[in-house]
Amino acid sequence: NFTITRNSKMGELNTLYVGNLNYKASKEDLESLFGEFGEVAKVRLIEKDGIKKGFGFVEFAESSAAKKSKEELDGKEFMGRRLKIDFALPKKPRD
């Protein structure tokens, strides 16, 4: 499971949704890209039956790094595709 974490002092989200990823992108590629903005705590690429779905999540140690990377990278090209980045929200419980 992937946990959405909040900065306990600020109540801000630390985890980003990263969409429109190149299917060849690896966890290491994302750690390198997002690591320029702060400490990356965890990267998760979403797969189904071993096939990447083209999106994932990046969790930062600090919410300020998540905010800065969203501002700088949303809409930027990475590995030939324009990234769609937003703050990840916790899953809503199913009925």
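Residues numbered from 1 in each chain as written. Predicted model: local features only at pLDDT ≥ 70, side-chain atom pairs only at ≥ 80, totals over all residues. Heavy atoms only, no water.

## Quick notes on the environment of Glu 28
As a reminder, the rule being used: Numbering of helices and strands runs from the N terminus; a helix is a DSSP stretch of H or I covering at least four residues, while a strand is a stretch of E covering at least two.
Relative to the elements of secondary structure, Glu 28 occurs in helix 1 (residues 27–35). On a C-alpha basis, the gap between Glu 28 and Val 43 in space is 8.5 Å, while along the polypeptide they are 15 residues apart.

## As for unusual backbone geometry
Rule in force here: Remark: exposure states derive from per-residue accessible area (1.4 Å probe, protein chains only) relative to the maximum for the residue type, with buried under 20%, exposed over 50%, and partly exposed in between.
Even without a glycine there, the phi angle at Asn 20 is positive, about 60°. Given the relative accessible area of 31%, Asn 20 is considered partly exposed. Its identity as a non-glycine residue notwithstanding, Met 79 has a phi of 55°, on the positive side. Relative to the helices and strands, Met 79 is located in the loop between strand 4 (77–78) and strand 5 (81–82).

The quantities given are spatial measurements derived from coordinates; they are silent on function.
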